[in-house]
Amino acid sequence: MPLTQIAQFGVNRLSILDENGKADEKLLPPLTPPQLIALYIHMLQLRIFDDKALKLQRQGRIGTYASSLGQEACTVGSAFALKNQDWTFPAFREHGVFFTRGVEMVKTLQYWGGDERGSDPGEGQNCFPVSIPVGSQPLHAVGCALGMKYKKRDAVAVGYMGDGGTSEGEFHEAMNAAGVFNAPVILICQNNQYAISVARKNQTAAQTLAQKAIAYGIEGLQVDGNDVLACYLATSIAREKAISGKGPTFLEFETYRIGDHTTADDSTRYRTKEEIAAWRAKDPIARFETFLLAKGILSPSLIDQIKQEAVAKVEKAVQAYETMPPQKIEDLFDHMYAITPKDLAEQKRAYVGFRQTHGKENQPDTIGPGFP
Ligand SMILES: Cc1ncc(C[n+]2csc(CCOP(=O)(O)OP(=O)(O)O)c2C)c(N)n1
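Bear in mind the structure is a predicted one, so any value in this text is a computation, not a measurement.

Right, let's talk about the pattern of salt bridges for a bit. Counted by the stated rule, this structure contains 15 salt bridges. Lys-55 serves as the salt-bridge partner of Asp-51, at 2.9 Å between the closest nitrogen and oxygen. In this pair, Asp-51 and Lys-55 are both assigned in helix α1 (residues 33-58), four residues apart and thus about one turn of the helix distant. Here Arg-287 ties to Asp-224 by a salt bridge, and the two come within 3.1 Å at their closest N and O atoms. Of this pair, Arg-287 sits in helix α10 (residues 284-294) while Asp-224 sits in strand β7 (residues 219-224); the two residues are 63 residues apart in sequence, bridging distant segments of the chain. For Arg-287, a relative accessible area of 3% corresponds to the buried category.

Take a look at the structure:
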């Protein structure tokens, strides 16, 4: 029996804007100047929000926080390609998805401040809350996509994860189910090169993460994750494909986490200054700004105005967060399920009973924003 090659595969990479902000004109997505400016505004607002959130954490005004510094193009670009009826399933570094889809910034502050109400995105927002278990989001997204397919909805589901998420069993179950059942789903991996201190090369022996799709019979594409136009275009094409019944796509957005994993991490223990500097030079906002300036879509005075407005918006969200009436402790039990299961109802009854028996002196009625 001869050894015969029976299949051949390749992995493509999409990049539109280079590191100097020069675009491959043939690949430019059909976005109008106001849409391009909106993309820029979203990225800048996210960066300013991140900066403020880190300071709030250091001052004890929110809890642990996961920064998305350097990854703005991934979340903003992909979310900008979605429609209101689509569903998103974020991990914990996707604040940009919430903001771009119109969820108020105060919700993200509440979430990281330990206020359960921050997990409710508000009326009409098809955004699932943060899901902390690594790699859980793809399964949630595939399940939702299959539900929508069954109900013949004109919508897609998008599940986000990090590079570490692609090593979890759930990721592989989700990819398999997505392929077999032709789910209208887009799975997006923000490959920011590290899962806390585990470097990408110690995470998997695969040459790319995009190629993981091949094994499941679905399309995988690597995208320059610091190029907002590429992130937008790849997601738009994947969306069209899913909506027209042509199935799922797995997108690897190759990017870099400039900050620490969270405010509880010290990345100087496992990364070099040189590596961070090399990625800073690929900054997604700077290159897009250069592109927009060269096209005459942005001007220095407009940039100043956008910055000022972004700072004001973030400050307003902080004020709303810090002046909000505190949540009732009982609320913790109320927002998890549409119909409260028996054991959770029992926990709530036990808690309320405990407070009645032991008095209120050592038991606060409410949880305020921030941490004591
Ligand atoms: C199932 C599970 N195991 C471990 C953790 C602890 N943990 C939190 S974040 C993280 C690393 C995640 O890395 P990655 O998926 O690459 O996402 P990134 O933080 O880089 O955005 C780990 C191991 C967790 N949250 N869930």
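Attention shifts here to the pairing of strand β8 (residues 249-254). Most of β8 is tucked away, with five of its six residues classed as buried. In terms of strand pairing, strand β4 (residues 185-191) meets β8 through six bridges, oriented parallel. Of the residues in β8, the one forming a bridge with Ile-188 is Leu-251. The parallel pair β7 and β8 is bridged by helix α8 (residues 228-243), and the resulting crossover is right-handed.

The next point concerns unusual backbone geometry. The phi dihedral of Asn-182 falls on the positive side, at around 50 degrees, and the residue is not glycine. Its location among the elements puts Asn-182 in the loop between α6 (169-180) and β4. Even without being glycine, Gln-193 reaches a positive phi, approximately 80 degrees. Relative to the elements of secondary structure, Gln-193 occurs in the loop between β4 and β5 (194-195).

Close to the ligand lie 14 residues; Arg-93, Val-134, Gly-164, Asn-192 and Tyr-194 are nearest. Within the complex, the protein chains bury 69% of what would otherwise be the 580 Å² of accessible surface of the ligand. Looking at the shell around the ligand residue by residue, the classes come out as seven nonpolar, five polar and two charged.

Summed over all chains, the structure comprises 13 aromatic pairs. An aromatic cluster is defined as three or more aromatic residues linked by ring pairs; in this entry it consists of Phe-49, Tyr-65, Phe-99, Tyr-111 and Trp-112. It is Arg-271 that lies over the ring of Tyr-194; its NZ or CZ is 5.6 Å from the centre. Lys-282 extends its terminal NZ or CZ atom over the ring of Trp-279, reaching a point 4.2 Å from the ring centre.

Here we come to the nonpolar core. A general feature of soluble globular proteins is that nonpolar side chains tend to end up buried together. If you look at the biggest cluster of nonpolar residues, it comprises 66 residues, and the most contacted ones within it are Tyr-40, Phe-49, Val-223, Leu-229, Leu-251, Phe-288 and Leu-292. Element by element, the count of residues in this core is highest for α1, at ten residues. If near-sequence neighbours (up to four positions away) are discounted, Val-223 is found in contact with Arg-13, Leu-14, Ala-230, Cys-231, Ala-234, Leu-251, Glu-252, Phe-253 and Glu-254. Core analysis: the second largest hydrophobic core is formed by 21 residues, Phe-89, Cys-144, Ala-157 and Ala-183 among them.

One can find Gln-327 in strand β9 (residues 327-328). Gln-327 sits in the buried class, given a relative accessible area of 0%. Reaching out from Gln-327, the side chain makes a polar contact with the backbone oxygen of Gly-114 at a distance of 3.3 Å. A polar side-chain atom of Gln-327 sits 3.2 Å from the main-chain amide nitrogen of Glu-116.

Here helix α2 (residues 72-80) crosses α8 at 40 degrees, and the two axes come no closer than 7 Å. On the basis of the axis angle, α2 is oblique to α8. Here α2 runs over α8; the crossing is right-handed. Seen from α2, the contacting residues are Ala-73, Cys-74, Gly-77, Ser-78 and Phe-80; seen from α8, they are Val-228, Cys-231, Tyr-232 and Thr-235. For the contact of α2 with α8, the class distribution of residues is six nonpolar, three polar and no charged.

On to the environment of Glu-104. Residue placement: Glu-104 occurs in the loop between α3 (95-100) and α4 (105-112). Between the C-alpha atoms of Glu-104 and Gly-220, which are 116 residues apart in sequence, the distance is 32 Å.

Here we take up the sheet that holds strand β2 (residues 87-89). Taken in spatial order, the six strands make up an open sheet running β1-β7-β8-β4-β3-β2, and their pairing is parallel. Edge positions in the sheet fall to β1 (12-14) and β2, since each of these pairs with one other strand and no more. Averaged over all adjacent pairs, the angle separating strand axes in this sheet is 25 degrees, with direction ignored. Here α2 sits on the sheet and contacts β3 (157-162), β4 and β8; the angle it forms with β4, its principal contact strand, is near 165 degrees.

The next subject is the environment of Lys-316. Within the secondary structure layout, Lys-316 lies in helix α11 (residues 300-322). By relative accessible area, which is 62% here, Lys-316 ends up exposed. A C-alpha to C-alpha distance of 36 Å links Lys-316 and Leu-344, two positions 28 residues apart in sequence.

Two faces make up the sheet, and in a regular strand the side chains alternate between them. Bridge count for β1 against β7 is three bridges, and the pairing is parallel. Of the residues in β7, the one forming a bridge with Leu-14 is Val-223. As paired elements, β7 and β8 share six bridges and run parallel to each other. Across the sheet, Gln-222 pairs through a bridge with Glu-252, a residue of β8.

Conventions and cut-offs
- Residues numbered from 1 in each chain as written.
- Predicted model: local features only at pLDDT ≥ 70, side-chain atom pairs only at ≥ 80, totals over all residues.
- Heavy atoms only, no water.
- Salt bridge = Lys/Arg side-chain N within 4 Å of Asp/Glu carboxyl O.
- Helix = DSSP H or I, 4+ residues; strand = E, 2+ residues; numbered from the N terminus.
- Buried < 20%, exposed > 50% of the residue type's maximum accessible area, 1.4 Å probe, protein only.
- Pairing = 2+ DSSP bridges.
- Right-handed = clockwise from strand over helix to strand, strands pointing away.
- Near = heavy atom within 4 Å.
- Areas by Shrake-Rupley, 256 points an atom, 1.4 Å probe, with all protein chains shown as cover.
- Nonpolar A, V, L, I, M, F, W, Y, C, P; charged D, E, K, R; others polar.
- Phe/Tyr/Trp six-rings, centres within 6.5 Å; stacked < 30°, edge-to-face > 60°.
- Lys NZ or Arg CZ within 6 Å of the ring centre and 35° of its normal.
- Core = buried A, V, L, I, M, F, W, Y, C linked by side-chain atoms within 4.5 Å.
- Contact = heavy atoms within 4.5 Å.
- Polar contact = N/O pair within 3.5 Å; in protein donor to acceptor, adjacent residues only side chain to side chain.
- Axes fitted to C-alpha atoms, helices over the stretch in contact; angles between N-to-C directions.
- Parallel < 35°, antiparallel > 145°, perpendicular 65-115°, else oblique.
- Left-handed = near helix turned anticlockwise from the far one by under 90°.

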